[in-house]
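A structural walkthrough
These are the residues of each chain, in order.
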Amino acid sequence: MFERQRASRRADITNFHHDWLTELMSRTGKSNRGTPACYAMVHSGLESIAADEITKELGGEVKKAEKGIVVFKIEEIIPELLHLRTVEDVFLLAWGTDTLTYRAEDLKQIKMWTEKQAPWQHLFGLHQSIRPKAKGRPTYRVVTQMNGQHGYRRTDASKAFRQGLAPFIPVTWNAAEDNTFLEVWLTIRGRMATCGVRLSDKTMRHKSYKVEHLPASLRPTMAAAMVRLAGAGPGQVMLDPMCGAGTIICEQIIIGKQQQEGRIETWGGDIEMNTLRACASNIKRVGPAVIAHWDARRLPIATESVDRIISNPPFGKQLSTPEDIGPLYKAAVREYHRVLKPGGKAVFLVMEQDVLREAIKGYGWIPQRQFGVEVLGQDAVISVWQKVGE
Ligand SMILES: C[S@@+](CC[C@H](N)C(=O)[O-])C[C@H]1O[C@@H](n2cnc3c(N)ncnc32)[C@H](O)[C@@H]1O
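Rules used in this analysis
Residues numbered from 1 in each chain as written. Predicted model: local features only at pLDDT ≥ 70, side-chain atom pairs only at ≥ 80, totals over all residues. Heavy atoms only, no water. Domains from an automatic or database assignment. Contact = heavy atoms within 4.5 Å. Buried area = accessible area lost by both parts, 1.4 Å probe. Salt bridge = Lys/Arg side-chain N within 4 Å of Asp/Glu carboxyl O. Polar contact = N/O pair within 3.5 Å; in protein donor to acceptor, adjacent residues only side chain to side chain. Helix = DSSP H or I, 4+ residues; strand = E, 2+ residues; numbered from the N terminus. Pairing = 2+ DSSP bridges. Phe/Tyr/Trp six-rings, centres within 6.5 Å; stacked < 30°, edge-to-face > 60°. Buried < 20%, exposed > 50% of the residue type's maximum accessible area, 1.4 Å probe, protein only. 1 Å grid on protein atoms, 1.4 Å probe; cavity = no way out; pocket = protein on both sides within 12 Å on 5 of 7 lines; lining within 4 Å. Points joined across faces, edges and corners; volume = space filled by probe spheres on them. Nonpolar A, V, L, I, M, F, W, Y, C, P; charged D, E, K, R; others polar.

Glancing now at the domain arrangement of the chain. A common way to state how big an interface is: give the accessible area lost once the parts meet. Looking at the chain, the domain boundaries give domain 1 (2–205) and domain 2 (207–386). The C-alpha centroid of domain 2 is placed 35 Å from the C-alpha centroid of domain 1. Domain 1 puts 20 residues into the contact, and the matching count from domain 2 is 22 residues. Summed over both sides, the interface between domain 1 and domain 2 buries roughly 1,600 Å², with carbon and sulfur atoms accounting for 50% of that surface. It is His43, Ile49 and Arg85 that lose the most area in domain 1 upon contact with domain 2, and together they represent 42% of the buried surface on that side. Residues Glu88 and Arg219 are paired through a salt bridge, measuring 2.7 Å at the closest nitrogen-oxygen approach. Scanning the region where domain 1 abuts domain 2 turns up eight residue pairs in polar contact (both at pLDDT 80 or more). Where the side of domain 1 that touches domain 2 is concerned, the elements lending two or more residues are helix H3 (47–58) and helix H7 (203–206).

Laid out in structure tokens, this is it:
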């Protein structure tokens, strides 16, 4: 009987080992105390930008970057994992697969992988080394997310996951919903599932500097992605001509400090006085910037004086007369072209990419990169352009 059980377990594990995610995890091994793989949840469309940050800033080795998830290895689990700017959350990988079948048999596998494949005690210990426990009984939360049409419900997947996990949760821990010490997640996206221990908390995605929110304000991770794409260097000037609540400016200051290569001048402005007040409150917590009340169509800035422009102008649907978007983009780009140095770069986030392209046409800017993203539930595009040098 025991032999039969062992043989069937071996067969299951062998099947699972065909897929690379589990191979990655199994190198850590259930009993091995090595460094587990990690994964980051990323806003869809930003995977390659987050992968670049993980590689360059942490020396990570990226194994997979798709469907809003970046799986990677780093030498050691270090607190700097929580300093990533372009990712929403970071986890220690317990197990992963991209061979889900969409059929109910997945549920058995989910339970089995959770129970047999993950070095839970080791992961909990690593979690505690990064996020020390507060006084009192530890609390925990189990989260199951599921996207895509499967032959089972999210609650079924959650039940299988909880059953597999149950033997590893100490009886002294209390289940809770908010502000728990520990969170264990299962995320299913089509054929892919990742399961792990959350290292980050909500401040990673919302950022503590954001005390003032405006309806059209950017997600900080999106702003950080734009800052990384612009790539301003020490001694250079970055301008956000329609800065709103100042998310791009804050991310530029923080990323500039993290890279510690010398100060980047950060300038921004907006046509709305109230917006500028919100911007000033947010920036106060981050660092110095020059903020002004202006119309981006007539900037009080010298010709060819800025190295990078990062702009998130209003989308058509945000204007009372959406047809004004064409003239606004045309007038703004004419001014951006004037103030940008030759060889300088501009990064835009817009929904109406055709309208932007039309506005840029005629200035000879070179399109460099383009990323499809979702903003407020709508398709939008981040694009990078370079003004031709002398
Ligand atoms: C999409 S919001 C920018 C949001 C900003 N990136 C943030 O994270 O808060 C667009 C901003 O452009 C500003 N704006 C619109 N027309 C402008 C103009 N002609 N000159 C300067 N700012 C303008 C709006 O007041 C608004 O704050």
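Moving on from the coordinates now.
Right, let's talk about the sheet that holds strand S2 (residues 61–66) for a bit. Pairing in this open sheet of eight strands is mixed, and the strands run S2-S3-S1-S4-S8-S7-S5-S6 from one edge to the other. Two strands bound the open sheet, and with one partner strand each, they are S2 and strand S6 (174–175). Inspection of the sheet shows strand S5 (residues 139–147) paired to strand S7 (residues 182–189) by eight bridges, in the parallel sense. Considered in S7, the bridge of Gln145 is made with Thr187.

Per the stated rule, a full pass over the model turns up nine aromatic pairs. Ring geometry for Tyr140 and Trp173: centres 6.3 Å apart, planes at 45°, overall tilted. On the criterion of sequence distance, the pair formed by Tyr140 in strand S5 and Trp173 in the loop between helix H6 (154–165) and S6 is long-range, its members being 33 residues apart. The pair Tyr140 / Trp173 is uniform in exposure class, with both members buried.

Vacant regions in the atomic arrangement are exposed by a probe of water-molecule size rolled over the atoms. The computed volume of the largest pocket comes to approximately 780 Å³. Lining the largest pocket we find 32 residues, and of these Met242, Asp270, Ile271, Pro313 and Pro314 sit closest to its centre. Residue composition of the lining of the largest pocket, by class: 17 nonpolar, nine polar and six charged. Put simply, the second largest pocket is a space of about 440 Å³. As for the second largest pocket, its lining consists of 22 residues, of which Asn179, Thr180, Phe181, Glu183 and Asp201 are closest to the centre. Within the residue set of the lining of the second largest pocket, elements represented by two or more residues are S5 and S7. Its residues placed into classes, the lining of the second largest pocket shows five nonpolar, six polar and 11 charged.

We now examine the pattern of salt bridges. For the structure shown, the criterion picks out 25 salt bridges. Across the pair Arg131 and Asp201 runs a salt bridge whose closest N-O atoms are separated by 3.1 Å. Pair noted here: Arg131 is in the loop between helix H5 (120–130) and S5 and Asp201 is in the loop between strand S8 (192–198) and H7, with a separation of 70 residues, a long-range link. Residue Arg131 is classed as partly exposed on the basis of its relative accessible area of 23%. Classification of Asp201 as partly exposed rests on a relative accessible area of 28%. Note that Glu183 and Arg198 form a salt bridge whose closest N and O atoms lie 2.9 Å from each other. Of this pair, Glu183 sits in strand S7 while Arg198 is found in strand S8, placing the two residues 15 residues apart along the sequence. Judged by relative accessible area, Glu183 falls into the buried class, the value being 12%.

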